[in-house]
Amino acid sequence: MRLDELLGDPPLIAILRGLTPVEAADIGEALFEAGFCLLEVPLNSPSPFRSIAALRAQLGGRVLVGAGTVLTTDDVKEAAAAGAQFIVSPNTDPAVIETTKVSGLTSLPGVFTATEAFTALAAGASALKLFPAEASSPSSLKALLAVLPPGTAVLPVGGIEATSMAAWRANGAAGFGIGGAIWSPGRAPEGVERRARAHVTAWRRLMLAEARS
């Protein structure tokens, strides 16, 4: 998968930590209706591979489904077998990145420092997840992007809200991973859709403002 295919419109990843297979279809549909096209099931969720498979079966080619909190090469292989299309990690592990690429999947490892970012890119990362974003800042992202290869896509993850996206975007964020602000275990699909739609709206307003400037 090419990076431009992953970072679609909008380039917002719904992080569904705690999702169960029985609710995957309804939550996936709610997110799709809100405008999300990237769904991530962290592997520290209940039966994550079944949830990945359920999302792929329900939503088919309408969204891209990925695995998150992927820590080992075996996790990559099992996620790929379940139908995952991209792999997200909280850390930078060259072996995980390389296995992801060999499996034909898109790799988004977690980085926090320039050293981790360059290590991830050298291993074949497609884009970078700045994590935890709440321990960083938009100005730190700007400084990091100043030394990374031109065109490197960095997505802040951790504590992202609709109201905080503008500052990150102004400093170079290519997109975002959004978890608790839109999804938490037990939240009804209607509430998930409403919260997700607010983030999509916020992103589209940013894009409109950029186009006018």
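Residues numbered from 1 in each chain as written. Predicted model: local features only at pLDDT ≥ 70, side-chain atom pairs only at ≥ 80, totals over all residues. Heavy atoms only, no water.

(A) Examining the sheet that holds strand 8 (residues 154-156) more closely. Pairing is parallel in the open sheet, where three strands are placed in the order 6-7-8. Because the sheet does not close on itself, it has two edges, and the strands there are strand 6 (110-111) and strand 8. Inspection of the sheet shows strand 7 (residues 128-130) paired to strand 8 by three bridges, in the parallel sense. In the sheet register, Lys-129 faces strand 8, and the bridge partner there is Leu-155. (Pairing = 2+ DSSP bridges. Helix = DSSP H or I, 4+ residues; strand = E, 2+ residues; numbered from the N terminus.)

(B) Quick peek at the sheet that holds strand 2 (residues 38-42). Taken in spatial order, the six strands make up an open sheet running 5-4-3-2-1-9, and their pairing is parallel. Lying at the two open borders of the sheet, with one neighbouring strand each, are strand 5 (106-108) and strand 9 (176-178). Each strand of the sheet is rotated relative to its neighbour by a mean of 25°, with strand direction disregarded. Bridge analysis of strand 2 against strand 3 (residues 64-68) gives five bridges, and the strand direction is parallel. Pairing of Pro-42 across the sheet is with Gly-68, part of strand 3. (Axes fitted to C-alpha atoms, helices over the stretch in contact; angles between N-to-C directions.)

(C) Main features of the pattern of salt bridges. Summed over all chains, the structure comprises four salt bridges. A salt bridge links Arg-204 to Asp-9; the nearest nitrogen and oxygen atoms lie 2.7 Å apart. Here Arg-204, found in helix 9 (residues 189-212), pairs with Asp-9, found in the loop between helix 1 (3-6) and strand 1 (12-15); they are 195 residues apart in sequence, far enough to count as distant. Residue Arg-204 is classed as partly exposed on the basis of its relative accessible area, which comes to 37%. With its nearest N and O atoms 2.7 Å apart, the salt bridge here joins Glu-210 to Arg-169. Of this pair, Glu-210 sits in helix 9 while Arg-169 is found in helix 8 (residues 165-170), placing the two residues 41 residues apart along the sequence. (Salt bridge = Lys/Arg side-chain N within 4 Å of Asp/Glu carboxyl O. Buried < 20%, exposed > 50% of the residue type's maximum accessible area, 1.4 Å probe, protein only.)

(D) Broad picture of helix 3 (residues 48-59). Spanning 12 residues, helix 3 covers 16 Å between terminal C-alpha atoms, matching the ideal 16 Å at 1.5 Å per step. What helix 3 keeps buried is the set Pro-48, Phe-49, Ser-51, Ile-52, Leu-55 and Leu-59. Looking straight down helix 3, one finds that the buried residues subtend no more than 160° of arc, so they occupy a single side. Along helix 3, the residues that are exposed and aim more than 90 degrees away from the buried face are Arg-50 and Ala-57. Those residues of helix 3 that are buried are in contact with helix 2 (21-34), strand 2, strand 3 and helix 4 (73-82). Phi turns positive, to about 50°, at Gly-60, one or two residues after helix 3. (Expected span 1.5 Å × (residues − 1). Arc of directions from axis to C-beta. Contact = heavy atoms within 4.5 Å.)

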